[in-house]
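Overview (structure and organization)
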Amino acid sequence: MTQWFSDILIRRPIQALSIFASIGLILIVVQFSSISDKIAYNTALKSAEAYSDVMASIRDFYSSEIVPRARKGGATTTHAYHESDGAIPLPATLSIELGERVSRTSEGGKFRFYSAFPFPWRTEGGPRDAFESDALEALSQGDKDHFVRVEGIGGVQVLRYAAPMRMGASCVACHNTRADSPKTDWAVGDLRGVQSVQVSLPALSILDNARYSGLYALMVIGVVTGL
């Protein structure tokens, strides 16, 4: 093989160098596209993690600061808070309804909260598709802090991120004593549900993004000219 390359370089140096240059340009295109895809994935992942952390912080603050003060003032916490003037939503109810509202009004991401043991009035509170079932199973093992998968939905590549919602001491005390609770043997640290975030992958690939069409065209012209 080495002798063959040497013969080509000696007999047809211009043609050989043109071919090698063309191959080099092709490799550059492939490598650039691969790097762009990795940047798109990491960008989407960081966005999903940030969205998930914000929602978790809101829920934790509401549970630890707002709910206790409201109860001291005589307010009750219930999922049907719309039906009572002196009631506020449960922390889980707040998370679910806030996620639904943000999903309807925001173009940045979609949120959903679901569980293997939804309350009876949550008719769509369980997993809806393969990703949600797989995330629920993986996170229930207790050794993962998130579950991620890239899927095509509606012709668009999206990153789906799932984070666990685990039971705290106050949650256990509440859920194990409710008459309508679907499970009454909860323990601290059990997986109560999953917080799911879906964000679109930014089109950073030179094959998909119009901003890089000029660079891509230039590389193609270089390859064709070289050949």
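Residues numbered from 1 in each chain as written. Predicted model: local features only at pLDDT ≥ 70, side-chain atom pairs only at ≥ 80, totals over all residues. Heavy atoms only, no water.

**Digging into the confidence of the model for the protein chain**
Mean pLDDT over the protein chain works out to 80, with 81% of the residues at or above the 70 mark. When pLDDT is averaged over each helix and strand of the protein chain, the minimum, 63, is found for helix α1 (residues 2-11) and the maximum, 93, for helix α4 (residues 130-139). (pLDDT = per-residue confidence, 0-100. Helix = DSSP H or I, 4+ residues; strand = E, 2+ residues; numbered from the N terminus.)

**What about the environment of Ala169?**
Within the fold, Ala169 resides in helix α5 (residues 169-175). It is 9.7 Å that separates the C-alpha atoms of Ala169 and Trp186, two residues lying 17 residues apart in sequence.

**Some words on the nonpolar core**
Counting 13 residues, the largest nonpolar core has Ala48, Phe113, Leu159, Tyr161, Val197 and Val199 as its most contacted members. Mapped by element, the contributors of at least two residues to this core are α2 (13-72), β3 (110-114), β5 (156-166) and β6 (191-200). In contact with Leu159, not counting residues within four places along its chain, are Tyr41, Ala44, Leu45, Ala48, Val148, Arg149, Val150, Val197, Gln198, Val199 and Leu201. By size, the runner-up hydrophobic cluster in this structure holds 10 residues, among which are Tyr114, Ala135, Ala138 and Leu139. (Core = buried A, V, L, I, M, F, W, Y, C linked by side-chain atoms within 4.5 Å. Buried < 20%, exposed > 50% of the residue type's maximum accessible area, 1.4 Å probe, protein only. Contact = heavy atoms within 4.5 Å.)

**Comments concerning the pairing of β5**
Where strand β4 (residues 147-153) lies against β5, seven bridges are found, and the strand directions are antiparallel. Bridge pairing in β5 places Phe147 opposite Ala162. Sheet topology note: the β5/β6 ladder contains nine bridges and is antiparallel. Across the sheet, residue Pro164 finds its bridge partner in β6, namely Val194. (Pairing = 2+ DSSP bridges.)

**Here's the deal with the packing of aromatic side chains**
The description of two aromatic rings rests on the distance between their centres and on the angle between their planes. Evaluation of the coordinates by the stated rule reveals four aromatic pairs. An angle of 10° between the planes, with centres 4.7 Å apart, marks the rings of Phe119 and Trp121 as stacked. According to the relative accessible area criterion, Trp121 is partly exposed, its value standing at 27%. Each ring, one from Phe131 and one from Phe147, has its centre 5.6 Å from the other, and the planes form 45°; the classification is tilted. Here the residue Phe131 occupies a position in helix α4, and Phe147 occupies one in strand β4, the gap between them amounting to 16 residues. As far as the burial class goes, Phe131 and Phe147 line up, both buried. Across from the ring centre of Trp186, 5.2 Å away, lies the NZ or CZ of Lys183, which sits over that ring. (Phe/Tyr/Trp six-rings, centres within 6.5 Å; stacked < 30°, edge-to-face > 60°. Lys NZ or Arg CZ within 6 Å of the ring centre and 35° of its normal.)

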